[in-house]
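Listed below, chain by chain, are the residues.
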Amino acid sequence: MNVEPTEEFQAIDARGRFDECAWRNICARIAVAASKDCRQFFDQYVKVFSAGVDAQLKSLPSEFHPAALKIAAQWDYAKTPNDIAKGISEHNRAVMERIRALGPSVSVDNYQSARTD
């Protein structure tokens, strides 16, 4: 996946300030591209998205990296394999909570897959 910075979305404005709105748009574009590449495999999405963000960070001064990464985390940015594993675990937990909220018509077996009764 290759998401190049475009004139349409520059994360640094004309005064040299970090443009959070533009960075959010960049993250959204990377997320869409990553989700298309990964066919709903969450761990692969996180890896591809995170690599895309890392590539974009190279065009930002390091002083803006903390703010940029905080925003990227909203799309499941992960820096390390442990972060990816933690994200997968949190994602799976959230999915299971949503399934349980559906009530007794949906049960969960030992392999953590859902089925309707």
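What counts as what
Residues numbered from 1 in each chain as written. Predicted model: local features only at pLDDT ≥ 70, side-chain atom pairs only at ≥ 80, totals over all residues. Heavy atoms only, no water. Helix = DSSP H or I, 4+ residues; strand = E, 2+ residues; numbered from the N terminus. Buried < 20%, exposed > 50% of the residue type's maximum accessible area, 1.4 Å probe, protein only. Polar contact = N/O pair within 3.5 Å; in protein donor to acceptor, adjacent residues only side chain to side chain. Contact = heavy atoms within 4.5 Å. Phe/Tyr/Trp six-rings, centres within 6.5 Å; stacked < 30°, edge-to-face > 60°. Axes fitted to C-alpha atoms, helices over the stretch in contact; angles between N-to-C directions. Parallel < 35°, antiparallel > 145°, perpendicular 65-115°, else oblique. Left-handed = near helix turned anticlockwise from the far one by under 90°.

> Give a detailed account of the side chain of Ser50, specifying residues and quantitative values.
Secondary-structure assignment places Ser50 in helix α2 (residues 42–57). Look at Ser50 and you get buried, because its relative accessible area is 3%. Of note is the side chain of Ser50, whose polar atom sits 2.8 Å from the backbone nitrogen of Ala78. Leaving out residues up to four positions away in the same chain, Ser50 has contacts with Asp76, Tyr77 and Ala78.

> Can you break down the packing of aromatic side chains residue by residue, with the values?
Within the structure shown, the criterion is met by 4 aromatic pairs. Seen in terms of ring centroids, Tyr45 and Phe49 are 5.8 Å apart; in terms of plane orientation they differ by 15°. Their pairing is stacked. Of the two residues, Tyr45 and Phe49 both sit in helix α2, 4 residues apart, roughly one turn of that helix. Clustering of aromatic rings is evident, with ring pairs tying together Phe18, Trp23 and Phe64.

> If you had to explain the packing of helix α1 (residues 20–38) against helix α3 (residues 65–72) to someone new, which residues and values would you point to?
In the contact formed by α1 and α3, the axes pass within 10 Å of each other and the chain directions differ by 50°. Considering the angle they form, α1 stands oblique to α3. Note on packing geometry: the crossing formed by α1 with α3 is right-handed. Facing α1, whose interface residues are Glu20, Trp23, Arg24 and Cys27, α3 presents Ala68, Ile71 and Ala72.

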